[in-house]
Amino acid sequence: MNPGETSEWREHARLAGRRRLAQAIGELSFEGLLHPRSLGGDRWALDLSDGTLYRFTARPSAWGGLHVDPAGITRRVGDGPEEPAESPVQLVLDARATLGVGADALAEFLEELHNSLLAETHQCARLSSLRAPELASLSGAALEQHLDGHPKLVAHRGRVGWGVADLAAYAPESAPRVHLHWLVVAPELARCSGVAGPGRLQLVDESCDADARARLLEQLHARAPGLAQGGVLVPVHPWQWQHHLAAQYIDALARGAIVSLGQFGDAYAPRLSIRTLADASRPERADVKLSLTILNTSCWRGLPGEHVEQGVGIGAALRRRVHGDPRLRGVHVLGDLGGVHVPQPEFEALGAAPYRLREQLGALWRESADPHLGPEEREVAAAALQQTDLHGEPLLRTWVEQSGASIAAWLTALFERTAVPLYHLLCRHGIGVIAHGQNLGLVLRGGLPAAILLRDVHGDVRRVADDDFDHEPALRGLKALPAHQVVHDLYTGYFVSVLRFVAPLCERSFGLPEREFLRLLARALRDYCDSVPRETTARFDLFRPEMERICLNRARLRIGHGGGATRPLPALGPPLHNPLVREVDDER
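No experiment lies behind these values; they were computed from the predicted model shown. (Residues numbered from 1 in each chain as written. Predicted model: local features only at pLDDT ≥ 70, side-chain atom pairs only at ≥ 80, totals over all residues. Heavy atoms only, no water.)

Counting secondary structure elements, the chain contains 24 helices and 27 strands. In terms of overall dimensions, the chain is globule-like: its C-alpha atoms have a radius of gyration of 24 Å, near the 25 Å expected for 588 residues. Here the analysis covers contacts within the chain between residues at least 6 apart in sequence; of these, 73% occur between residues at least 24 apart. Summing over all exposed atoms, the chain offers an accessible surface of approximately 22,300 Å²; the carbon and sulfur share of this is 50%. (Helix = DSSP H or I, 4+ residues; strand = E, 2+ residues; numbered from the N terminus. Rg over C-alpha atoms; globule rule 2.2 N^0.38 Å. Contact = heavy atoms within 4.5 Å. Areas by Shrake-Rupley, 256 points an atom, 1.4 Å probe, with all protein chains shown as cover.)

This part covers the layout of surface pockets. One number sums up the size of the second largest pocket: a volume of about 1,100 Å³. In this structure, the second largest pocket is lined by 38 residues; those nearest its centre are His-67, Val-68, Pro-70, Leu-505 and Arg-508. When contributions to the lining of the second largest pocket are tallied by element, the ones reaching two or more residues are α1 (7-30), β3 (52-60), β4 (66-68), α20 (488-510) and α21 (514-531). For the lining of the second largest pocket, the element with the highest residue contribution is α1, accounting for seven residues. Residues belonging to the lining of the second largest pocket are distributed by class as follows: 15 nonpolar, eleven polar and twelve charged. A domain-level breakdown of the lining of the second largest pocket finds at least three residues from each of domain 1 (7-130) and domain 3 (376-577). (1 Å grid on protein atoms, 1.4 Å probe; cavity = no way out; pocket = protein on both sides within 12 Å on 5 of 7 lines; lining within 4 Å. Points joined across faces, edges and corners; volume = space filled by probe spheres on them. Nonpolar A, V, L, I, M, F, W, Y, C, P; charged D, E, K, R; others polar. Domains from an automatic or database assignment.)

We now examine the UniProt feature "domain: Aerobactin siderophore biosynthesis IucA/IucC N-terminal" (unreviewed entry) in the chain. Those places that UniProt annotates as "domain: Aerobactin siderophore biosynthesis IucA/IucC N-terminal" (unreviewed entry) correspond, in this numbering, to residues 141-386. Between the C-alpha atoms that bound residues 141-386 the distance is 16 Å, and the span itself is 31% helix and 26% strand. (UniProt positions renumbered as here; feature names shortened; annotations may be inferred.)

Attention now goes to the sheet that holds strand β11 (residues 276-279). The antiparallel open sheet is built from eight strands, whose spatial order is β8-β16-β17-β12-β11-β10-β7-β9. Both edges of this open sheet fall to β8 (191-194) and β9 (232-236), since each of them pairs with a single strand only. With direction set aside, neighbouring strand axes in the sheet form an average angle of 25°. The sheet contact formed by strand β10 (residues 258-270) and β11 spans three bridges and is antiparallel. Note that in β11 the partner of Ala-269 across the bridge is Ala-278. Across the sheet, helix α9 (residues 210-223) lies against β7 (178-185), β9 and β10, angled at about 165° from β10, the strand it touches most. Sitting on the sheet, helix α10 (residues 238-248) is in contact with β7, β9 and β10, with an inclination near 55° to β7. (Pairing = 2+ DSSP bridges. Axes fitted to C-alpha atoms, helices over the stretch in contact; angles between N-to-C directions.)

Taken together, four strands build an open sheet; the order of strands is β15-β21-β20-β18 and the sheet is mixed. Single-partner strands in this sheet number two, and they are β15 (331-333) and β18 (377-381). Averaged over neighbouring strand pairs, the angle between their axes works out to 30° when direction is ignored. As paired strands, β15 and strand β21 (residues 448-454) are joined by three bridges and run parallel to one another. Within the sheet, the bridge partner assigned to Val-333 lies in β21 and is Leu-454.

In terms of domain boundaries, the chain breaks down into domain 1 (7-130), domain 2 (177-366) and domain 3 (376-577). For domain 2 and domain 3, the distance between their C-alpha centres works out to 29 Å. Each side of the interface is counted separately: domain 2 has 40 residues, and domain 3 has 38 residues. Taken together, both faces of the contact between domain 2 and domain 3 bury some 3,300 Å²; the carbon and sulfur share is 57%. Area buried by domain 2 at its contact with domain 3 is led by Ile-314, Arg-321 and Arg-327, which between them contribute 21% of it. One can count four salt bridges joining domain 2 with domain 3. (Buried area = accessible area lost by both parts, 1.4 Å probe. Salt bridge = Lys/Arg side-chain N within 4 Å of Asp/Glu carboxyl O.)

Quick look at the pairing of strand β17 (residues 362-366) now. Counting buried residues along β17, five of its five residues qualify, which places the element largely inside the surrounding structure. Residue alternation in β17 divides its side chains into two sets, Gly-362, Leu-364 and Arg-366 and Ala-363 and Trp-365, and both sets are buried. Bridging between strand β12 (residues 287-290) and β17 involves four bridges; their strand directions are antiparallel. Bridging across to β17, Val-288 finds its partner in Trp-365. Bridge count for strand β16 (residues 336-341) against β17 is five bridges, and the pairing is antiparallel. From the neighbouring strand, Gly-338 faces β17, where its bridge partner is Trp-365. (Buried < 20%, exposed > 50% of the residue type's maximum accessible area, 1.4 Å probe, protein only.)

Turning our attention to α10. Structural remark: α-helix, 3.6 residues per turn; residues separated by three or four positions point the same way. If you check which residues of α10 are buried, you get Pro-238, Trp-239, Gln-240, Trp-241, His-244 and Leu-245. Buried residues in α10 make contact with α7 (164-170), β7, β9, α11 (250-255), β10 and β13 (292-296).

The next subject is α9. Taking 1.5 Å per residue, 14 residues should reach 20 Å; α9 reaches 20 Å between its end C-alpha atoms and fits that length. Buried within α9 we find Ala-212, Leu-216, Leu-217 and Leu-220. Down the axis, α9 shows its buried residues gathered within 130° of arc, on one side only. In α9, the exposed positions angled more than 90 degrees off the buried face are occupied by Ala-210, Asp-211, Glu-218 and Ala-222. (Expected span 1.5 Å × (residues − 1). Arc of directions from axis to C-beta.)

So, about the side chain of His-156. Here His-156 shows up in the loop between α6 (140-144) and α7. The class for His-156 is buried, based on a relative accessible area of 2%. A distance of 3.4 Å separates polar atoms of two side chains, one belonging to His-156 and the other to Arg-157. In this view, His-156 contacts Arg-20, Gln-23, Ser-116, Glu-120, Gly-149, His-150, Asn-296 and Thr-297; residues no more than four positions away in its chain are not counted. (Polar contact = N/O pair within 3.5 Å; in protein donor to acceptor, adjacent residues only side chain to side chain.)

Turning to the packing of α1 against helix α4 (residues 103-127), a few remarks are in order. At their nearest, the axes of α1 and α4 sit 8 Å apart, and the two run at 110° to each other. With respect to their mutual orientation, α1 and α4 come out roughly perpendicular. By crossing handedness, the relation of α1 to α4 is classed as right-handed. Contact residues: Trp-9, His-12, Ala-13, Leu-15, Ala-16, Gly-17, Arg-19 and Arg-20 in α1; Leu-117, Leu-118, Glu-120, Thr-121, Cys-124, Ala-125 and Leu-127 in α4. (Parallel < 35°, antiparallel > 145°, perpendicular 65-115°, else oblique. Left-handed = near helix turned anticlockwise from the far one by under 90°.)

Counting 85 residues, the largest nonpolar core has Trp-399, Leu-411, Tyr-423, Tyr-494, Phe-495 and Leu-580 as its most contacted members. It is α20 that contributes the most residues to this core, ten residues altogether. What Tyr-494 contacts, discounting residues up to four positions off in sequence, is Leu-414, Thr-418, Ala-419, Ala-435, Leu-440, Asp-489 and Leu-499. Counting residues in each nonpolar core, the second largest holds 50 residues, with Trp-162, Ala-171, Ala-224 and Trp-241 among its members. (Core = buried A, V, L, I, M, F, W, Y, C linked by side-chain atoms within 4.5 Å.)

Below is the structure:
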């Protein structure tokens, strides 16, 4: 369905606008950029400096901000009539003075927001015929392709660089099948890790069956006989080849140091993170993560060379730590098997060229979740915990009912399988995992949380900058941060970015108050703290009365599209009054 052609498309577009408008009010309020006032009960108003007034229904969150109902949001300008509001773009324009954003950065933000609404319209159309039990029956990449975007970022599917045809061909919500484009690269140009390397074919076998491998090698010998024995085979995203690599690596292509071989191998399904593809032909085979130079959510989605070069060692070292610790028995690390990074020499020579230009050609193969799952188990992304159908019914309800457990018992199992081992990994080993909804996989057995899977250990794992932890060489290569910052990998990454959105679903669907949700979480964490020496957890205090409020939209509004030598960092908002403190104090 092309945009704007049918009344059905227009209705989905309006629904997409209402959903994202509700998110924008809630998240910009959470970050302290907007300041709604209570009208009593569940009714709220937002007064903006230009005389515009929004009214809506919402419930305050214990973490701050509001959970806004998309239905019934109205807008009034001055003394004019109160009319239905459906546009997050109009909200941002109305709030321009309040947000304090310059025209350039605001225009780029609106460009991303327009793109997000187009993708969201397709998402609404896809969800329109599916109810929560049907969605909850899916797993892995098939489920991820039905999930909403980032719950915190207003422009959550910005994808600057993609058009309508690209969304249809490559976006997860379109459920496409993608075939890898293969290059062979002269060995002196490639930086390899793991089992990747000149003349090595183990990773080719992860992406090609015997017939496809034979055809690929036949093409290799025909087009690049000089590289047939010692060249490095590397897959690239077909969009990346068409829009960036053919031009930006023109010198190497002209010299025959890089040769294009065409598309070969298995069909892949884009995961929620877009640049990571799951093997749809042979699901037990490795996922492939590829450079993709589009701006999406917080940055340009290339693949840093250090991630390729260090990822295999980091994953292996982390797996050894996990296997050697009985408290981490339910944690599975999906490590990298190998990877290839091909620097662009002219941009590297500049020293401080924009990071998006230095991360254009890279590939990583990562273990599939399938071999780690038992016959009665399946994996769902943590992001699925906060997913509902278009009628507002959460997928979570189906899993709780399948398990036969009460909602309190189900949540206790969730916290003991996720929050507690992640906290232990931090306190005992000095390793923080940014446990957001995409890289944290939840293993369900009979609908009940049984274990977790950790992805992207090459980029979303950090260590504490402290000599007290005996980190082996591979782990010493991780980014090192003070303890009070690494604790946010769990606190902000999982509590604020995932569980904050699960709590209101439990209240609405099961009648479990948010306060009881937090009490169960606090109890699981407190029980862990009571089971280990106090010095183990002292530096990683999850119960400080105030925590730093990490803000993504503030950063996006400040930097626009960004083009610096390094990836942008989140911004800080007003201090967050820690809701876990009240629950612990009340129980004690």
